[in-house]
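# Remarks on the overall topology
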Amino acid sequence: MRKIWHTTGYPSDKTAFNRHSNELKALISTLENDNIQHYLSNLDPTRDTNYSLWKATKNLKRPKNHISPINDEKGGWARSYKEKATIFAEHLKTVFQPLPENNPEHTMEIKEYLESANQICLPLKSTSPKEIVEEIRNLKDGKVLGYDLIDATLLKNLPHKVFLDVIQAFDKVWHYDLLFKLKKHLPHCLFLILKSYLDKRCYQVKYGDDLSELYELKSGVPQGSILGHILYLIFTADIPTTDYTTTATYADDTALLSAHSNPETASSQLQNHLIEVERWLNHWRIKANESKSVHVTFTLRRETCPPVTLNCKVIPQENNAKYLGMYLDRKLT
């Protein structure tokens, strides 16, 4: 009836629609009342009805959970959903901000490079899954393709399944730094796609049924996206390495390993590497949490390597550490 009235616009069709609508509301109300009366009439305090009367009484007497208001920055109280959504959005606005600038020359260099002309490259040629399968079939067994040491034999025997690990995006990745590295290492056609992907991204907070205003993201890679962890890996791909230590990274989990028979030498090598990492972190506006970092000496002896520091703070020494979901104790047992 509503569709007929909207199509014709006749007053008679509107009258018919209102009449049927009121009749439907009356039927629904009658049905709800009948259901309530049937439920109440069947309440009984005996075991045959599983003590339904006492359970209904208990539910009625149960205290209701009231959501407390939120204190805002000005000392007032936010009580409505709209006010609470705005407070959370304002808090996230401070989160999605890059760390303070500590090298103006570096910042200016990045901005000038991003404003410069893009390199010339041919349009990307699309690749079909059949072409990839054919390339894998033509690989020679035992041939290693890259730094991941995955050889052709392993590629040919890989099951046709995809395991995705969506990691938490990193809120402090400054977009200018990330775009600088993307433009420097990728063809300009890919760079422009990723630039449009990051440019002028906004977020909105929903609390209850109300929405906050739109806020622009100043930093961070998109959370829960397929490209999020890839962009972070590109951003941190140039983390410093040394010849006398081992660097193991997986997303935001980073482990630095120094091995030597002399504890003093092992700590010295590790400290020198940490100094390089510290400079790199400050250069690219990445903040490390020294208090949550862990320093572990893996040995069967009782002695422990001398402490090391990061940002002039001693990294806590522990007997075990959690890395990629596994707990590693000092004896590796």
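Note that this is a predicted model, so its numbers are computed, not measured.

As a further point, take unusual backbone geometry. The phi dihedral of Asn 311 is positive, around 55°, even though this residue is not glycine. Summarising the element assignment, Asn 311 is placed in the loop between β9 (309-310) and β10 (313-314). In this structure Asn 311 comes out as partly exposed when scored by relative accessible area, which is 22%. A positive phi is found at Cys 312, a non-glycine position, where the angle reads about 65°. Under the relative-accessibility criterion, Cys 312 is labelled exposed at 76%.

Across all of its chains, the model carries eight aromatic pairs by this definition. When the ring of Phe 88 is compared with that of Tyr 207, the centres are 5.9 Å apart and the planes differ by 15°; the resulting orientation is stacked. Placement of Phe 88 in helix α4 (residues 81-95) and of Tyr 207 in strand β4 (residues 206-207) is noted, with a sequence separation of 119 residues between them. Consider the rings of Phe 180 and Trp 284, whose centres lie 6.1 Å apart with planes at 35°: the pair is tilted. Within this pair, whereas Phe 180 is found in helix α8 (residues 175-185), its partner Trp 284 is found in the loop between α11 (263-283) and β9, the two being separated by 104 residues in sequence. Since its relative accessible area comes to 8%, Phe 180 is described here as buried. Taken together, Tyr 113, Phe 180, Phe 235 and Trp 284 form an aromatic cluster joined through their ring pairs. In this structure, Lys 183 packs its charged tip against the face of Tyr 113, placed 5.2 Å from the ring centre. One cation-aromatic arrangement involves Arg 201 over Tyr 197; the distance from NZ or CZ to the ring centre is 4.8 Å.

With that settled, the discussion passes to the nonpolar core. With 26 residues, the main nonpolar core has Leu 178, Leu 182, Leu 231 and Trp 284 as its most contacted residues. Those elements that place two or more of their residues in this core are α5 (104-115), α8, α9 (188-198), α10 (226-235) and α11. When residues in this core are grouped by element, the largest group, five residues, is from α11. Ignoring any residue separated from it by four or fewer positions in sequence, one finds Leu 182 in contact with Phe 191, Leu 194, Leu 231 and Ile 234.

Helix-helix packing is characterised by the crossing angle of the two axes and by the distance between the axes. Between α8 and α10, whose axes approach to 9 Å, the crossing angle comes to 80°. Here α8 is positioned roughly perpendicular relative to α10, judged by the angle of their axes. The residues of α10 that touch α8, namely those facing Asp 177, Leu 178, Lys 181 and Leu 182, are Leu 231, Ile 234 and Phe 235. Considering only residue class, the contact of α8 with α10 consists of five nonpolar, no polar and two charged.

Listed as buried for α9 are Cys 189, Phe 191, Leu 194 and Leu 198. Taken together, the buried residues of α9 touch α5, α8 and α10.

Turning our attention to a nonpolar patch on the surface. On the surface, a cluster of nonpolar side chains totalling about 300 Å² of accessible area is made up of Ile 36, Tyr 39 and Leu 40. Position of Ile 36 relative to the elements: it lies in helix α2 (residues 11-41).

When you line up the elements, Leu 178 lands in helix α8. Judged by relative accessible area, Leu 178 falls into the buried class, the value being 0%.

Should pLDDT be low for a region, the predicted coordinates there are not to be read in detail. Mean pLDDT over the protein works out to 79, with 87% of the residues at or above the 70 mark. Scored below 50 in pLDDT, residues 154-169 makes 17 contacts in the model with residues more than four places away or belonging to other chains.

Here we come to the pattern of salt bridges. This model, assessed by the stated rule, comprises four salt bridges. Between Lys 181 and Asp 238 there is a salt bridge; the shortest N-O distance is 2.9 Å. Here the residue Lys 181 occupies a position in helix α8, and Asp 238 occupies one in the loop between α10 and β7 (246-250), the gap between them amounting to 57 residues. For Lys 181, a relative accessible area of 4% corresponds to the buried category. One salt bridge connects Arg 279 with Glu 276, and the closest N-O pair in it is separated by 3.4 Å. One end of the pair is Arg 279 and the other is Glu 276, both in helix α11 and three residues apart, which spans about a single turn.

Cut-offs used in this document
- Just so you know, the residues in each chain are numbered from 1, in the order the chain's sequence is written.
- Local features in a predicted model are, by the rule used here, given only for residues with pLDDT of at least 70; side-chain atom pairs are given and counted only at 80 or more, and totals for whole chains, interfaces and linings are based on all residues.
- The side-chain figures draw on all heavy atoms in the structure; neither hydrogens nor water molecules are used.
- Runs of E in the DSSP output that reach at least two residues are strands. Runs of H or I that reach at least four are helices, and both are numbered from the N terminus.
- Each residue is placed in one exposure class: buried if its accessible area under a 1.4 Å probe, protein chains only, is under 20% of its type's maximum, exposed if it is over 50%, and partly exposed if it falls in between.
- Only Phe, Tyr and Trp rings are paired, with Trp represented by its six-membered ring, and only when their centres lie within 6.5 Å; those with planes under 30 degrees apart are stacked, over 60 edge-to-face, the remainder tilted.
- Here, over-ring charges are defined by two tests on the NZ atom of lysine or the CZ atom of arginine: distance to the ring centre within 6 Å, and angle to the ring normal within 35 degrees.
- By convention a nonpolar core is built from buried Ala, Val, Leu, Ile, Met, Phe, Trp, Tyr and Cys residues, the set being connected through side-chain atoms within 4.5 Å.
- Throughout, a residue-residue contact means that at least one pair of heavy atoms, one from each residue, lies within 4.5 Å.
- Lines fitted to C-alpha atoms define the axes here, with helix axes fitted over just the stretch in contact, and angles between the N-to-C directions of these axes take values from 0 to 180 degrees.
- Throughout, the term roughly parallel applies to angles under 35 degrees, roughly antiparallel to angles over 145, roughly perpendicular to angles from 65 to 115, and oblique to all others.
- By the convention adopted, Pro, Cys, Tyr, Trp, Phe, Met, Ile, Leu, Val and Ala count as nonpolar, Lys, Arg, Asp and Glu as charged, and the other residues, Gly among them, as polar.
- Here the term patch refers to residues with relative accessible area over 30% and no salt bridge, with like charges joined within 9 Å and nonpolar side chains (Val, Leu, Ile, Met, Phe, Trp, Tyr) within 5 Å.
- Using the Shrake-Rupley algorithm and a 1.4 Å probe, accessible areas are obtained, with residue cover drawn only from the displayed protein chains.
- By salt bridge we mean one thing: a side-chain nitrogen of Lys or Arg within 4 Å of a carboxyl oxygen of Asp or Glu.
- One number per residue, pLDDT, summarises how confident the predictor is, and it ranges from 0 to 100.

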